[in-house]
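Chain residues, written in single-letter form:
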Amino acid sequence: MEFEPVIAFETHVELKTKTKLFCGCAVSFDAPPNTHICPVCTGQPGALPVLNKKAVQYTVRAGLALNCTINRKSRFARKNYFYPDLPKGYQISQYELPFCQDGYLEITTPDGSPYAVGIKRIHLEEDAGKLVHSSSSFESSEYSLVDFNRACVPLLEIVTDHERNPLRSPVEARAYLEKLIQVLRYLDISECAIEKGQFRCDVNVSVRPRGSKAFGNRAEIKNMASFKAIMDALGYEIERQSESLRSGREIPQETRLFDEAKRITVPMRSKEDAPDYRYFPDPDLVDVELDLEFIERIKKTMPELPDQEAKRLTEEYGIPRSEVLILTRDKHVSNYFASCASQTRDRKKLSRWIIKELFKLLNASGIPIEKCPITPKNFSRLINLLSEGEVTDTMGRSILEEMFSEKVDPQSVVAQRGLKPIQSAKVLEDLVDQVVKNNPDAVSKIRAGETKPINFLVGRVMQKTQGRADPKVVRDMIAKKFPSRQKSGKK
Amino acid sequence: MDLCDKSAFELAAMLRRREITSVELTQSVLSRIEQKEPIINAFITVTEETALKQAEAADRRFRSGKKVPSLNGIPIAIKDILCTKGITTTCGSAILQNYVPPYNATVVRKVLRSGAVIIGKTNMDEFAMGSSNENSAFGPARNPVNPQYVAGGSSGGSAAAVAAGEAVLALGSDTGGSIRLPSAFCGITGIKPTYGRVSRYGLVSYASSLDQVGVLGRSSKDCAMLLNVICGHDRMDSTSADAKKPDFLRSLDRGIEGIRVGLPREYFVEGIDSRVKETILAAVNLLAENGAHVIDISLPHTRYAVSAYYLVATAEASSNLARYDGVKYGLRTKTDFADSGQMYEKTRREGFGKEVKRRIMLGTFVLSAGYYEAYYKKAQQARTLVREDFEKAFESVDCMIAPVSPCLPFKLGEKISDPLQMYLVDIYTVSLNLAGLPGMSINCGWADGLPVGMQIIGKPFDEQTVLRVGHAYEMMAGKK
């Protein structure tokens, strides 16, 4: 029998508000321990939470981008449990009346068709602190220390639907997570840096015979610290459950942990041991009533989403779709492109040069584009020089390298190196003649019908001019010397 | 009469006229404390040194000739449930016996800004859970009227301090009657304002949706003075109301001619001590003789109030008290523990008293899966009914008068072994917390040598009428 998985994610995304969800402490990821704390976020007796409005705006922004219904009335609830990193003995979260519900996120499936992944709800909650263990694990540690810098940082919990348009394969799961990160970064509400814990996932998996309407018992998997871990855990779990069903074993509903070292999932607790969180409305906070005006204002100031941008770049600038997908995959790339696009006219060239040339330099040096040493202004200047024929592509590449390593503007490189392109046809003619004369082998091959040696001759001329000649012009000149081969020479 | 026995209003005038100094007054209070504390036990902490420093500073402000704030130089006691920066705040519990808050409660900040002298932190039932002050980890506060009797709870220390001259004014908190009941038992005046009128920031939570900070004093006027200082909207408390802030002293003398006073019939039936009932009815008659219209009204859902109260209060308490886990502050068990779970268990077992444990367990049960709907949700529905009763009744009256307690003050140990009987002491006070209404207890006479308290209940945010009726009664009864 063939089995199909049903996958649902609970994703926690740390919002990049300046201050925490319920107090005025700064949100900071690398500050020394317990330097951004106050009576509220350390759960001092008598301290009370006050909601951060910005976090609500961000939540609504996410809800709109994920096509959710925005609830006009929302409510915070307490989730009660004991853990040393939880200062109040409860987490302020949401239960009934989350901010957003019943949405979808469109992904592209492997066959290229779109699929709207069901989003069940999006709610806002506070993060807990961080435990630093004296040994490798909590259990084996003699003591643990608590850092409350992260306590009370706003977290968005985004839950996908397991009934309405669920994720049906690891490939879709991956596409969903990638799209979610892309959208959240476009919304400018989270960095989604997995390694910094800003994007954390729990995943619910069940399998059922392909075509079946009923759901199998699900396992919730926790403790996946990377994209790879999520995919490995999913793959393992689907296989494990399918194997169980094949051999007639029951699958218990349970919570499992991903074992980072063994790359497998192991049981953590059964359904019977699931904690009773005793949710109830937090009496320290009042219901949040969102008026239509508030929601409309957020709608009006929504940043452009990746799909919208991709459409615009294709339609307005005529940039090929393959390039558009690359430009819009990462908000930082798109930002860089947008900064340059406002200062250049040839956007096609701009796109090509970012993807072909700039990426090469960035990749080689391991620098992310948001830290690119070439400012968009200088990069645009170079593109303009190229499109105005002031420099050739070859020169351009060399100028770009220098701009990258020396952080200089293109004009000064041109001026310093005397890299004005050779415009004079007479000078080029002379050079071409010289090269033709000095390479009789190539010449005879061309006469015999080969085309490759033409490239060779163009290369010689470019070398002599240190790239200051336009290779197209040179090629034409050489081709003219061999009239019978003109056609193939132009190919 | 010593300085420490005079009213805050009178003392403020004497200080202003420079007839006395704040240091003299503070010393008078401190010497009374020294004399009475061995019996009364109204304080958990007396801040003698800082009090004298604050008194000196207050006197300097008087001498400077500049305008001084309203309570400049007046000694105030603060219930040990309000956070005081640098001063131990125990909540009457062993689990917080060494807890020194890093911040001031909003009301403490306001009291300090008003120039008042903080004399110390008063005794209370642990985490405000109790009606007799017998649940304090620091021993019970005793009733200054007769030390064999309880002071009432939970703000027993604050009430006893004011009654004994160990403070001129006091701050308390009221979740189900915790200001009104000890005020009645000790024969003083105490008001619980409307929920949201006074900031809860820095008030250690017992039941967040019911807790309210209030004041205790020797008269309605004294209470009005202190209420003027502490009320008002606070950004730090999401449940604090952005309501207009009147001058409570100004409206005090308007009299009660034509005022409509409701007598809720459910508050005068079975279970009430006839001596209490008669004393209150005599006071009501006096009001009627002086121009008040007394109207019979009904609050039909009163019988659900105590049950609803104990479900909501314990549910919230079970969550509010989860933070006392031995991790961050307060007590941590000195015995060995194998893991954090055991640390929690031992710490909480050693740190909490019997009544607190009882309420945490009750509240945990109430919120549990499968019981939430039957208890917590139901209680909230009952709460709505109780509130609607008041809304409806207030359509035809301006205020209501009721007993504070069905019984006279009782002796120490008399009810402590029977929690249910103790809970019933709150029968006339909890409804106001459920409905968020203001209520004041003033003394309306004595029976068998024990004070009887009368409760004046107001519309939401209408403390003015409550204080005005109280003041008028005090005047006509020749009390002040």
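Each helix and strand counted, chain B has 15 helices and eleven strands in total. Computed over the C-alpha atoms, the radius of gyration of chain B is 21 Å, within 12% of the 23 Å expected from 2.2 N^0.38 for a compact globule of 480 residues. Each principal axis of the C-alpha atoms in chain B carries an extent, and together these give about 65 × 55 × 45 Å. For chain B, buried positions account for 61% of its 480 residues. Considering only residue pairs separated by 6 or more positions, chain B has 76% of its internal contacts joining residues 24 or more positions apart.

This brings us to the sheet that holds strand 6 (residues 100-108) of chain A. Residues and elements named next belong to chain A. Taken together, nine strands build an open sheet; the order of strands is 2-6-7-10-1-11-12-13-14 and the sheet is mixed. What marks the edges here is a single partner per strand, and that holds for strand 2 (69-70) and strand 14 (264-270). Relative to strand 10 (residues 154-160), strand 7 (residues 114-126) runs antiparallel, the two sharing seven bridges. What sits directly across from His-123, in strand 10, is Glu-157. Its contacts with the sheet place helix 2 (residues 170-186) against strand 1 (3-14), strand 6, strand 7, strand 10 and strand 11 (199-209), and it is angled at close to 110° to strand 6.

A word on the confidence of the model for chain A. Averaged over every residue, the pLDDT of chain A is 91; the share at 70 or more is 98%. Here residues 486-491 of chain A scores under 50 on pLDDT; set against residues more than four positions off or in separate chains, the count is eight contacts.

Residue and element names in this part refer to chain B. Within the fold, Leu-171 resides in strand 4 (residues 169-174). By the C-beta count within 10 Å, which is 31 here, Leu-171 ends up buried. Taking the C-alpha atoms as reference points, Leu-171 and Leu-82, 89 residues apart in sequence, are found 8.6 Å from one another. For Leu-171, the contacting residues outside a window of four places in its chain are Ile-76, Ile-78, Lys-79, Leu-82, Val-107, Val-111, Ser-158, Val-213 and Val-215.

Note: interface size is frequently given as the accessible area lost on complex formation between the parts. Residue and element names in this part refer to chain A. The domain architecture assigned to chain A consists of domain 1 (3-295), domain 2 (304-417) and domain 3 (425-490). One C-alpha centre belongs to domain 2, the other to domain 3, and the line joining them spans 31 Å. The interface of domain 2 with domain 3 comprises four residues on the first partner and six residues on the second. A breakdown of the residues in the side of domain 2 that touches domain 3 according to their chemical character gives one nonpolar, three polar and no charged.

Note on sheets: strands pair through backbone hydrogen bonds, and any given pair is parallel or antiparallel. All names here are of chain B. Within the open sheet, the eleven strands sit side by side as 1-3-2-4-6-5-10-11-9-7-8. Their pairing is mixed. Every interior strand has two partners, whereas the edge strands, strand 1 (43-46) and strand 8 (293-297), have only one. This sheet shows a mean twist of 30° between the axes of neighbouring strands, independent of strand direction. The sheet strands contacting helix 5 (residues 156-164) are strand 1, strand 2 (75-79), strand 3 (117-122), strand 4, strand 5 (189-192) and strand 6 (212-217), and the helix crosses strand 4 at an angle near 155°.

All names here are of chain A. The geometry of helix 9 (residues 376-387) relative to helix 10 (residues 393-406) is characterised by a closest axis approach of 10 Å and an angle of 165° between their N-to-C directions. Judged by the inter-axis angle, helix 9 sits roughly antiparallel to helix 10. By crossing handedness, the relation of helix 9 to helix 10 is classed as right-handed. Every residue of helix 10 that contacts helix 9 at Asn-378, Leu-382 and Leu-386 is listed here: Asp-393, Gly-396, Ile-399, Leu-400 and Met-403. In terms of residue class, the contact of helix 9 with helix 10 is built from five nonpolar, two polar and one charged.

Right, let's get into the nonpolar core. Across soluble globular proteins, nonpolar side chains show a tendency to be buried alongside one another. Counting 228 residues, the largest nonpolar core has B:Ile74, B:Ile76, B:Ala160, B:Ala167, B:Leu169 and B:Ile230 as its most contacted members. Here this core gets ten residues from one element, more than from any other, and that element is helix 9 (residues 305-320) of chain B. Setting aside its immediate chain neighbours within four residues, B:Ile74 contacts B:Ala8, B:Leu11, B:Ala12, B:Ala116, B:Val117, B:Val168 and B:Leu169. With 26 residues, the next largest nonpolar core counts A:Val333, A:Cys340, A:Leu358 and A:Phe404 among its residues.

Quick look at the pairing of strand 7 (residues 260-264) of chain B now. Residue and element names in this part refer to chain B. Across five bridges, the pairing between strand 7 and strand 8 is parallel. Of the residues in strand 8, the one forming a bridge with Gly-262 is Ile-295. Since strand 7 and strand 8 lie parallel, the crossover through helix 8 (residues 274-289) that links them has a hand, and here it is right-handed. Pairing analysis gives two bridges linking strand 7 to strand 9 (residues 399-403), with the strands arranged parallel. Its bridge partner being in strand 9, Val-261 is matched across the sheet by Cys-399.

How each quantity is defined
- Residues numbered from 1 in each chain as written.
- Chains lettered and ligands numbered in written order.
- Predicted model: local features only at pLDDT ≥ 70, side-chain atom pairs only at ≥ 80, totals over all residues.
- Helix = DSSP H or I, 4+ residues; strand = E, 2+ residues; numbered from the N terminus.
- Rg over C-alpha atoms; globule rule 2.2 N^0.38 Å.
- Buried ≥ 20, exposed ≤ 12 C-beta atoms within 10 Å, placed from the backbone.
- Contact = placed C-beta atoms within 7 Å.
- Pairing = 2+ DSSP bridges.
- Axes fitted to C-alpha atoms, helices over the stretch in contact; angles between N-to-C directions.
- pLDDT = per-residue confidence, 0-100.
- Domains from an automatic or database assignment.
- Nonpolar A, V, L, I, M, F, W, Y, C, P; charged D, E, K, R; others polar.
- Parallel < 35°, antiparallel > 145°, perpendicular 65-115°, else oblique.
- Left-handed = near helix turned anticlockwise from the far one by under 90°.
- Core = buried A, V, L, I, M, F, W, Y, C linked by C-beta atoms within 7 Å.
- Right-handed = clockwise from strand over helix to strand, strands pointing away.

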